[in-house]
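Results of the structural survey
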Amino acid sequence: VQLQASGGGFVQAGGSLRLSCAASGRTLRSYNMGWFRQAPGKEREFVSAIGRSGGRGTYADSVNGRFSISRDNAKNTVYLQMDSLKPEDTAVYYCAASNGVWSSQTQEEMYIYWGQGTQVTVSS
């Protein structure tokens, strides 16, 4: 599976961005999908994940209520809608695919395919 993340950019605090993660080579239906991010000088951290058939998803406390994950299996694409952005959301955002159990979806080591990352910069 090849994953291509896009939609990052520069936005002022309080603004919104929508990230997309398009897959090729294989259907995403077989995978739980996640978004992670890495800020400068920090380790990569979990942001959100969604199950194979969709649903509400799960979120890191830092983004809960502001971000929304969704997927369109027909388009082989996963989305991350980011609202009320804050400067601390500045990071490179990565999408990833996991064939593990749902209960472990916050764990980075469960993900076997990764996109290249897209930069999100939020100014104060």
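Notes on the structure in this doc start here.

Within the protein one finds zero helices and 11 strands. Secondary structure elements of the protein, listed N to C terminal, follow the sequence β-β-β-β-β-β-β-β-β-β-β. Taken over C-alpha atoms, the radius of gyration comes to 13 Å for the protein, in line with the 14 Å a tight globule of 124 residues would show. Taken along its principal axes, the extent of the C-alpha atoms in the protein is 40 × 25 × 25 Å. Within the protein, the proportion of its 124 residues that are buried is 48%. Across the protein, the fraction of contacts at a sequence separation of at least 24, relative to all contacts at a separation of at least 6, is 59%. Surface accessibility of the protein: about 6000 Å² in total, with carbon and sulfur atoms responsible for 44%.

With that settled, consider the environment of V101. With respect to the secondary-structure elements, V101 resides in the loop between β9 (91-98) and β10 (111-114). Each C-alpha atom, one on V101 and one on A74, is 22 Å from the other, the two residues being 27 residues apart in sequence.

L3, M33, W35, F67, L80, M82 and Y93 are the most contacted members of the largest nonpolar core, which totals 35 residues. Sorting the residues of this core by element identifies β1 (2-6), β3 (17-24), β4 (32-38), β5 (45-51), β7 (67-72), β8 (77-82), β9 and β11 (118-123) as the ones contributing at least two each. Ranked by residues supplied to this core, first place goes to β9 with five residues.

The next point concerns the packing of aromatic side chains. For the structure on display, the rule yields five aromatic pairs. Geometrically, the ring pair formed by F36 and Y111 is edge-to-face, given 5.0 Å between the ring centres and 80 degrees between the ring planes. In this pair, F36 is assigned in strand β4 and Y111 in strand β10, connecting sequence segments 75 residues apart. An aromatic cluster of three or more residues is present, and its members are F36, F46, Y111 and W114.

Taken as a whole and judged by the stated rule, the model has four salt bridges. One salt bridge connects R66 with D89, and the closest N-O pair in it is separated by 2.7 Å. Note that R66 is positioned in the loop between β6 (54-59) and β7 and D89 in the loop between β8 and β9, a separation of 23 residues in sequence. Accessibility classification places R66 together with D89 in one group, the buried group. Here the residues in one salt-bridge network are R37, E45, R66 and D89, joined through shared partners.

Quick look at the state of the cysteines now. Counting across every chain of the model gives one disulfide. Disulfide partner of C21: C95, at an S-S distance of 2.1 Å. Its S-S torsion of approximately 65 degrees makes the covalent link between C21 and C95 right-handed. A residue pair is termed long-range when its members are at least 10 positions apart, and C21 in strand β3 and C95 in strand β9 qualify at 74 residues. The class for C21 is buried, based on a relative accessible area of 0%.

The rules behind these values
- Residues numbered from 1 in each chain as written.
- Predicted model: local features only at pLDDT ≥ 70, side-chain atom pairs only at ≥ 80, totals over all residues.
- Heavy atoms only, no water.
- Helix = DSSP H or I, 4+ residues; strand = E, 2+ residues; numbered from the N terminus.
- Rg over C-alpha atoms; globule rule 2.2 N^0.38 Å.
- Buried < 20%, exposed > 50% of the residue type's maximum accessible area, 1.4 Å probe, protein only.
- Contact = heavy atoms within 4.5 Å.
- Areas by Shrake-Rupley, 256 points an atom, 1.4 Å probe, with all protein chains shown as cover.
- Core = buried A, V, L, I, M, F, W, Y, C linked by side-chain atoms within 4.5 Å.
- Phe/Tyr/Trp six-rings, centres within 6.5 Å; stacked < 30°, edge-to-face > 60°.
- Salt bridge = Lys/Arg side-chain N within 4 Å of Asp/Glu carboxyl O.
- Disulfide = S-S within 2.5 Å.

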